[in-house]
Amino acid sequence: MNVDIHQSWKPYLQAEFSKSYFKELVEFVKKEYRTHKCFPKGSDIFNAFNHCSFDDVKVVVIGQDPYHGIGQANGLCFSVNDGIVHPPSLINIFKELEQDLGFPYPKNGNLMSWADQGVLLLNATLTVRAHQAGSHQNKGWEQFTDAVIQIISQEKQNVVFLLWGGYAKKKKKLINTAMHSVLESGHPSPLSANRGYWFGNKHFSKTNSLLQQAGESVIEWRL
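What this report covers is the structure whose coordinates are included nearby. (Residues numbered from 1 in each chain as written. Predicted model: local features only at pLDDT ≥ 70, side-chain atom pairs only at ≥ 80, totals over all residues. Heavy atoms only, no water.)

To continue, consider the environment of K107. Its location among the elements puts K107 in the loop between α4 (88-101) and α5 (112-116). For K107, a relative accessible area of 85% puts it in the exposed group. For the pair K107 and L223, spaced 116 residues apart in sequence, the C-alpha separation works out to 8.2 Å. (Helix = DSSP H or I, 4+ residues; strand = E, 2+ residues; numbered from the N terminus. Buried < 20%, exposed > 50% of the residue type's maximum accessible area, 1.4 Å probe, protein only.)

Structure representation (structure tokens):
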């Protein structure tokens, strides 16, 4: 695994890259990709950072694990490659987008245009074995992505953090809520959404309202 990450992140993350846990993580990921089918493809592992520079970060969405089906994962949480059938959580994200902002349901599930506008779509774990959910958890990725959240919290102001579901909500302790906004809701997965914990959260319009209040440009959520 080459740590092929946008230049803007390097001054903030260089210390993490030199830590022993990260070096062990790199070796683990290299071996996994050599000996098993893994996702996303190697050049996409750091897509969340490469499509959203440190300077541009305005919104952070925290996911858990990359999709583990063939051709799905593209390095951005909840996002799938062009032409891929939308997974259940993404369907519910788009349904909420429809209800909240009145946009038509998108044909394409690739969220790259959000990332390019300053939405960091960050999975806690950046790699996974094919068809084995959670297979790369507890190998060091979470330590790295927790550090990313803390660095954003310390070094930036007025970022909107979207914490969807119990796992993401645990990351709240890493965020300075006096400096940043945190919006929480249930997870968009059918289990949570169908119990009334997701739909109606209006996180897309609320995010833009908070960005406007902070003097930032809003996100064009329409895909």
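Now that the structure has been shown, we can carry on.
This brings us to the side chain of N123. Mapped onto the elements of the fold, N123 is located in strand β3 (residues 119-123). A distance of 3.3 Å separates a polar atom in the side chain of N123 from the backbone nitrogen of Q64. (Polar contact = N/O pair within 3.5 Å; in protein donor to acceptor, adjacent residues only side chain to side chain.)

Close contact between α4 and helix α9 (residues 203-213) brings their axes to 8 Å; oriented N to C, the two are set at 60 degrees. Between α4 and α9, the interaxial angle falls into the category oblique. Where α4 approaches α9, its residues I93, E96, L97, D100 and L101 are matched on the opposing element by H203, F204 and S205. Tallied by class, the residues present in the contact of α4 with α9 amount to four nonpolar, two polar and two charged. (Axes fitted to C-alpha atoms, helices over the stretch in contact; angles between N-to-C directions. Parallel < 35°, antiparallel > 145°, perpendicular 65-115°, else oblique. Contact = heavy atoms within 4.5 Å. Nonpolar A, V, L, I, M, F, W, Y, C, P; charged D, E, K, R; others polar.)

Further remarks concern the sheet that holds strand β5 (residues 160-164). Strand order in the open sheet formed by four strands is β3-β2-β5-β6, and the pairing between neighbours is parallel. Only two strands of the sheet have a single partner each, and these edge strands are β3 and β6 (181-185). When strand polarity is set aside, the average angle formed by the axes of neighbouring strands in this sheet is 20 degrees. Two elements, β5 and β6, share five bridges in a ladder whose sense is parallel. Paired with W164 across the strands is S185, a residue of β6. (Pairing = 2+ DSSP bridges.)

All right, on to α4 then. Spanning 14 residues, α4 covers 20 Å between terminal C-alpha atoms, matching the ideal 20 Å at 1.5 Å per step. When we look at burial in α4, the residues that qualify are S89, L90, N92, I93, F94, E96, L97 and D100. Where the residues of α4 are buried, they touch α5, β5, α8 (190-193) and α9. (Expected span 1.5 Å × (residues − 1).)

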